[in-house]
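Commentary on secondary and tertiary structure
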Amino acid sequence: MSGRIPQSFIDELIARADIVEVIGRRVPLKKAGREHKACCPFHDEKTPSFTVSTQKQFYHCFGCGAHGTAIGFLMAYDHMGFVEAVEELAAQCGLEVPREQGPDERPEAGLYDALEAAARFYQDRLRDSEPAKAYLRGRGLTGEIAARFRLGYAPDAWEALRECLGRTEPERRRLAAAGLLVPRDGGGHYDRFRDRVMFPIRDVRGRTIAFGGRILGEGEPKYLNSPETPLFHKGRELYGLYEARKAVRNIRRLIVVEGYMDVVGLARHGIDNAVATLGTATTAEHLERIFRITDEVVFCFDGDRAGRDAAWRALGAALPSVREGRQLRFLFLPEGEDPDSLVHTAGADAFTRRLDEAVPLSDFLIRRLAEDVDMQSVDGRARLAELARPLVRRIPPGVYRELLVEALADTVGLTVERLEPLLTSDSRPSESRRPAPRLAPLARSNLVRKAIALLLRYPFLAREARDIEALRRIDRPGVPLLAALIDDLAERGTLTTAGVLERWRDHEHHAALEKLAAENVVEDEEVAVTVFRNATGRLLHQDAERRMGELSQKAAGTELSDTEKAELRGLHTVLRTPLEQAGQP
Ligand SMILES: [Zn+2]
C-alpha cells in the first residue's frame, strides 16, 4: 500500500462516522439514557455492561474493560489492522481514503476489479471443465466447498484469460500489474496460470488480491502463486483467513498449514479454522495477524527433516511474540502425510485429537537443542545452555520466559539462579523474574489523571488551561503529556474524545489515554471548566511549592543568585493566586 493516511482525514472520518451505527451493525444496541448498551461482544455475560457513548464516540465495557473508538472497535471485533479499519469505516461513510503520496500512485482500485473479474472467469471455466471437476471430486471436495472458497480453473491455453478480459491495451496492462498476464519478450502478453485449479487469495474484507494455482495433471511447478503486486505481499497474507473468519465467529485456535489444499481439505471435514502461508516461511507479520485473532496457534508440519527445519524457522519467527496467555504448538505429521491426506484417512476427530496433543513451543525448543549436544556430558549440557541463550533473549521478559528458563534449568541440571544469568547476561538477573513490563505509568497523581480525563471528555477545555507556558515547564510524570495535549487541542476544540484518541494513536501512552477516556467525569460543561481550571491551577501551585522548598533550603546555606531571587518572587505571586477565583469565569 502506498502513502500514509493524512491525520486530517482521520479527524474528519471520526467526526463523520457514528460509533453507535458502526457497532449497532454488528451488536444489537439498546438505548439507555444518554448511552447505548449491549451484552459485551468481547466477554461472556448475561446482563449488559457494554456501553457506547455518542458524545465521546467511544465504547467501554465495565465488565472486561474493553474500550476504544470506532476504528478501535473494527480492529478488535473484525480483527482488522489500522489501515483496513480506516478503509472499512471510510467505505461506510462514502469517503475515499486519501494518501499522502500523489493520487497517481494508487492503481490499486483498478487491480481489485481486474482480480475480481479473473476470479469470476476462473469459476465459470471450472463449471465447464469436466477434468477439473473430476480432479476436485477425486480429492473429496464438494460443490459447497468449491463455492465457499471460490475455487476455479485456468484453462489449458496461453491466451484464454487475455482474450476474455484483456481486449484493450489498458486492460492488458492492468491484468499484467495484477500478476495475471506475463509480458512476452517480443511484445504482447500471455496467461500466467494455465491448466490449474485456482485458489483465490482474499484479504480480510474478502477482496481477491492474488491467486494460487495447482497444476491439474503432471508438470512443474506443482504450485504457482501470483507474484508480489501492490496488493499482494506473500510474507503477510494467510490463505483461508477470510474464509475461516466467515465460518467461525470466535476463533479459539488457528491451525497453520503449508498448502491451500490442506486448508480446503480440512474445511471439507468441518475443520474451518486452518490457514496456510503462501510458499514462504512463517513471518513475524503472519504472527502479528494471527495473534490479533486468537491466542492459540498450532503449526502443522511434515515429520521429515524439511518439515522440522521449517518448524524451527517458524519457532524463530515466533519467539518475540510469545508471552503468557499465548499458546504456540507444533504438530508433526507422520511421514508421507499432509493435513489433507491425514484428515481424509483418520477423520476430523482423530485430527483434532492430534492438535490437542501438539508439542508446546518450549518443549520443541529444548528437544531440538538437545538433539545437537551430548546430554550425558557436562560439556554437552553447558553447550545446550549456550545454544539456548540467543533464543531465550529474543523472548520478551515475563512469565513465559521464566517458565522456559525453569524448564531449561531442569534439563541441564542447574538451578534457575545459576542458569538465568548465563542466558540473559546483558540484563540484571533479577529483571527477568519480574512480570512482563506494563506500560510506563502515565502519572500516579490523581490530579494529572483527572485533568487529562476532563480534557479527553471536553477537548475545548484546552483553551481554558491556566498558564500553559508554566505547565510546560513542570517536570512531573504526566504533566508534559497534559501540556502536549493542550497544545494539540487548543485549535481543535470541536474534536470528540474519539477524535483526540485517534490523533494520539501512535503515542506511547495511547493505551493509558484510552483508559482515562473510559472514566466518568462531570457531566456539566460549565462545572467541567471550573474543575479543569482548578486542576491545572493546583498543578502550578504544587510545583511552585516544591520549587519554593528547594530555594528556601538553598537559601539557608548560601546566598541566592539574583535570578533565583526573582524566581522566588514569581513563585510567591503564583501561590497567592487563589484557586477558587481562578475557576470562576
Ligand atoms: Zn466486556
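**Things to note about the sheet that holds strand β12 (residues 253-257)**
Ordered by their spatial adjacency, 5 strands build an open sheet running β13-β12-β14-β15-β16, and the pairing between neighbours is mixed. The outermost strands of the open sheet, each flanked by one partner alone, are β13 (274-276) and β16 (359-360). In this sheet, β16 lies alongside strand β15 (residues 327-333) in antiparallel orientation, the contact comprising 2 bridges. Across the sheet, the residue bridging to R329 is P360, located in β16. Across the face of the sheet, helix α11 (residues 260-268) comes into contact with β12 and β13 while running at roughly 170° to β13.

**Observations regarding the coordination of the zinc ion**
On the protein side, the zinc ion has C40 (SG), H43 (ND1), C61 (SG) and C64 (SG) as donor atoms, found 2.0 to 2.3 Å from it. Relative to the metal, the 4 donor atoms surrounding the zinc ion lie at angles of 104 to 118°, and the coordination shape comes out tetrahedral. Sequence spacing among the residues donating to the zinc ion works out to C-x2-H-x17-C-x2-C. We classify C61 as buried; its relative accessible area is 0%. A relative accessible area of 38% places C64 in the partly exposed class.

**Structural notes on the pairing of strand β9 (residues 196-202)**
Of all the 7 residues making up β9, 7 are buried; the element is thus mostly covered by neighbouring parts of the structure. Of the two faces of β9, the one lined by R196, M198, P200 and R202 and the one lined by V197, F199 and I201 are each fully buried. As judged from the 7 bridges shared by β9 and strand β10 (residues 208-215), these two strands associate in the antiparallel manner. Bridge assignment links R196 to a residue of β10, and that residue is I215. In sequence, β9 turns back onto β10 through a hairpin of 5 residues, with G206 there showing a positive phi of about 90°.

**Section: the nonpolar core**
Judged by nonpolar contacts, the single largest core of 58 residues is most densely connected at Y122, L151, L180, F211, Y239 and F351. In terms of residue count, helix α5 (residues 108-128) provides more of this core than any other element does, 9 residues in total. Residues contacting L151, with those up to four places away along its chain left out, are Q123, L126, L136, L141, A146, M198, F199, P200, Y239 and V264. With 47 residues, the next largest nonpolar core counts A244, F291, I293 and A314 among its residues.

Reading the values: rules and limits
- Residues numbered from 1 in each chain as written.
- Predicted model: local features only at pLDDT ≥ 70, side-chain atom pairs only at ≥ 80, totals over all residues.
- Heavy atoms only, no water.
- Pairing = 2+ DSSP bridges.
- Helix = DSSP H or I, 4+ residues; strand = E, 2+ residues; numbered from the N terminus.
- Contact = heavy atoms within 4.5 Å.
- Axes fitted to C-alpha atoms, helices over the stretch in contact; angles between N-to-C directions.
- Donors = N, O, S within 2.8 Å, 3.2 Å for Na, K, Ca; no water.
- Tetrahedral: all angles 85-135°; square planar, octahedral: opposite > 155°, others 65-115°.
- Buried < 20%, exposed > 50% of the residue type's maximum accessible area, 1.4 Å probe, protein only.
- Core = buried A, V, L, I, M, F, W, Y, C linked by side-chain atoms within 4.5 Å.

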